[in-house]
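# Structure at a glance
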Amino acid sequence: DYWWTDYGGCGDGGGYNLLWSNYGYQHRHAQDGQNKRGLVLSRWGGIGNSRNPIGFSGDAHALWTMLAFEIYFTPTAANVLFGHWSHDIGGFHTEMWPNKKVPSELYLRWIQFGALSPVFRTHCNHCERRIWMFEDYLKMKDAMIFRNNLAPYIYSEVRRAWENGIPFLHPMYYDSPMDESSYNLKKQYMFGDSILAAPISTPVDNRTGLITETVWLGSGSDWFTWKAYNSTDLHKGGTSVTTTYSKEHIPLFVKAGSIIPLKTMDSIVSVFPDPLMWVTWVGPGVNKGTGYIFEDDGETLDYEKNATAKTPVNWAAHGDYLSFTVHYTEGTYVGQGTERAHILQIRGGIQPTKVVVAGKEVPYQPHPPANSEGGWWGYAEDESLSIQGGSLLVHTGTRSIRSDTLVRITIPIS
């Protein structure tokens, strides 16, 4: 359970109502001996309030201009260390629309932004929020599944923010402070250390069903498109990329050399998801990559006593083969499993002649088998925000978390 204090709090607190009451509500579970993390949803309580609540930005109007403002506002709040704003996805006030039902495309774009926000939360003033009641239902569902899949990456990035004090969702100028171009961007931001997000806040052309967006890529690294819709895969940092998108697409880019941890819908739990999916990109001049996942019990304050775990991964190119290593997990916590499976999703047109997992060759499977215990490899058949159709998939089978799992992917040399 958690508290939604809204405006009220619990008294005037010497003129700092929400600032002090949010502190009390946030730490209630710890104070009464439950050793649990607190959670409170609240409005802005002033500078310093970022230490306690999840922010609630208020009763926004369901307009394209409001969506655009929230896309700018949310990362900018990092400047006062407020990293966990939440918004009424779809807008709170919908009276300006027939039957108080927002246009399907506007709701879709808000959901896509929500999937790439610190907190995903729909709300409104007695209006329709069931996504299956909208024309773009399947696209909305895809964005919601994408958000679910991103949970390991988001949790790991929130931990990074806890360690260094920099909110995981932040403006571009945090990463490129010496580049003046980074200070004039209101439609894009960094979503963690590896992903650049530029949610769309303008309707598509009624005739073509498309919209063209320009995104500036941060200097200091090269970037892959998250999914190569109709543009080239790899781009130089410090440049702008103009791409045409349809309604189901979101402008997303990832730093070259990144490995992104995702969960799948086979595992509905947020603690110790099994299997884990590791997504990476291979392209010209990119010959290695690194990543990790951070985990704990997700509920207690034991993380303050180092009851946590970290699993690093890396890949490297070696002429006629790629090596991908899931290293052993360091650390323990209550609820941690002893083994799990891994799925490698490697984008970039890799077509192996042989795949070896932990010293044993695994078979090619044109379709995912019912039993994956022995491991297999093949190509992605599905297409979604989380899956690039045609990308290489390698399933390791179930493996101990206390030993390295080495995957060797033999590729032809042209």
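As the structure is a prediction and not an experimental result, all values here were calculated from the model.

## What about the pattern of salt bridges?
Counted according to the given criterion, the structure contains 15 salt bridges. Notably, a salt bridge pairs Arg37 with Asp296, separated by 3.1 Å at the nearest N-O pair. Of the two residues, Arg37 sits in the loop between α2 (28–31) and β2 (40–42) while Asp296 sits in the loop between β15 (288–295) and β16 (309–317), which places them 259 residues apart along the sequence. Residue Glu295 is joined to Arg340 by a salt bridge in which the shortest nitrogen-to-oxygen separation is 2.7 Å. Taken together, the residues Glu295 in strand β15 and Arg340 in strand β18 (residues 339–347) connect sequence positions 45 residues apart. Overall, the relative accessible area of 6% leaves Glu295 in the buried class. Arg340 gets classed as buried once you look at its relative accessible area, which sits at 1%. Each member of the salt-bridge network shares a partner with another, and the members are Arg37, Asp296 and Asp297.

## Notes on helix α6 (residues 151–164)
Over its 14 residues, α6 extends 20 Å from the first C-alpha to the last, a length consistent with the 20 Å expected when each residue adds 1.5 Å. As for α6, its buried residues are in contact with α5 (137–149), β6 (189–191), β7 (195–197), β13 (259–263), β14 (276–281) and β15. Just downstream of α6, Gly165 is the residue with a positive phi angle, here 80°.

## Re the sheet that holds strand β17 (residues 321–326)
Ordered in space as β15-β16-β17-β23-β19-β20, the six strands form an open sheet in which the pairing is antiparallel. The strands lining the two open edges of the sheet, one partner per strand, are β15 and β20 (360–361). As paired strands, β16 and β17 are joined by five bridges and run antiparallel to one another. Looking at the pairing, Val313 lines up with Val326 of β17.

## So, unusual backbone geometry
Trans is the prevailing form of peptide bonds, just as negative phi is the prevailing case for residues other than glycine. The linkage connecting Asp274 with the following residue, Pro275, adopts the cis geometry, with an omega of 10°. Within the secondary structure layout, Pro275 lies in the loop between β13 and β14. Of note, His126 is a non-glycine position whose phi angle comes to about 55°, a positive value. Note that His126 resides in the loop between α4 (104–115) and α5.

## Describing the packing of aromatic side chains
Each aromatic ring pair is described using two quantities: the centre-to-centre distance and the angle formed by the ring planes. One pass over the structure, following the stated rule, counts 17 aromatic pairs. Between the aromatic rings of Trp4 and Phe56, the centroid separation amounts to 5.4 Å while the plane-to-plane angle is 90°, which identifies the pairing as edge-to-face. A residue pair is termed long-range when its members are at least 10 positions apart, and Trp4 in strand β1 (residues 3–6) and Phe56 in strand β3 (residues 54–56) qualify at 52 residues. On the accessibility criterion, Phe56 (2% relative accessible area) is buried. Taking the centre distance of 4.5 Å and the plane angle of 15° together, the rings of Phe82 and Trp85 count as stacked. Look at Phe82 and you get buried, because its relative accessible area is 1%. Judged by its relative accessible area of 6%, Trp85 is buried.

## Quick notes on the packing of α4 against α5
For the pair α4 and α5, interaxial distance at closest approach is 9 Å and the crossing angle is 10°. Taken together, the axes of α4 and α5 are roughly parallel relative to one another. Where α4 approaches α5, its residues Ser104, Tyr107, Leu108, Ile111, Gln112, Gly114 and Ala115 are matched on the opposing element by Lys139, Met140, Ala143, Met144 and Arg147. Partitioning the contact of α4 with α5 into residue classes produces seven nonpolar, three polar and two charged.

## A closer look at the sheet that holds strand β4 (residues 85–86)
The sheet built from four strands is open, its strands ordered β1-β2-β3-β4 with parallel pairing. Of all strands in the sheet, those with a lone pairing partner are β1 and β4, marking the two edges. Pairing between β1 and β2: three bridges, direction parallel. In the sheet register, Asp6 faces β2, and the bridge partner there is Ser42.

## Quick notes on the side chain of Lys255
Within the secondary structure layout, Lys255 lies in strand β12 (residues 252–255). Its relative accessible area of 19% is what places Lys255 among the buried residues. A polar side-chain atom of Lys255 sits 3.1 Å from the main-chain carbonyl oxygen of Asp193. Residues in contact with Lys255, not counting those within four places in the same chain, are Asp175, Met190, Asp193, Ser194, Ser221, Asp222 and Trp223.

What counts and how
Sequence positions are assigned chain by chain, starting from 1 and proceeding in written order. For a predicted model such as this one, the threshold for reporting local features is a pLDDT of at least 70, and the threshold for listing and counting side-chain atom pairs is 80 or more; totals across whole chains, interfaces and linings nevertheless cover every residue. Where side-chain values are given, they derive from all heavy atoms of the structure, hydrogens and water being excluded. What counts as a salt bridge is simple: a side-chain nitrogen of Lys or Arg found within 4 Å of a carboxyl oxygen of Asp or Glu. Elements are defined by DSSP. Helices are runs of H or I of four residues or more, strands are runs of E of two residues or more, and each kind is numbered from the N terminus. Only protein chains enter the accessibility calculation, which uses a 1.4 Å probe. A residue is then buried if its area is under 20% of the maximum for its type, exposed if over 50%, and partly exposed in between. In this scheme, a helix's expected span is set at 1.5 Å multiplied by one less than its residue total. Residues count as neighbours in contact if any of their non-hydrogen atoms are within 4.5 Å of one another. When DSSP finds two or more bridges between a pair of strands, those strands are recorded as paired. For Phe, Tyr and Trp, rings pair up if their centres lie within 6.5 Å, where Trp contributes its six-membered ring, and each pair is then called stacked (planes under 30 degrees apart), edge-to-face (over 60) or tilted (otherwise). Throughout, an axis means a line fitted to C-alpha atoms (over the contacting stretch in the case of helices), and angles, computed between N-to-C directions, take values from 0 to 180 degrees. Under this scheme an angle from 65 to 115 degrees is roughly perpendicular, one under 35 degrees roughly parallel, and one over 145 degrees roughly antiparallel; angles in between are oblique. In this count, Pro and Cys sit with the nonpolar residues alongside Ala, Val, Leu, Ile, Met, Phe, Trp and Tyr, while Asp, Glu, Lys and Arg are called charged and the others, Gly among them, polar. The term polar contact refers here to a pair of N or O atoms within 3.5 Å; inside protein, the definition further demands a hydrogen-donor-capable atom paired with an acceptor-capable atom, and it admits residues adjacent in sequence only when both atoms are side-chain atoms.

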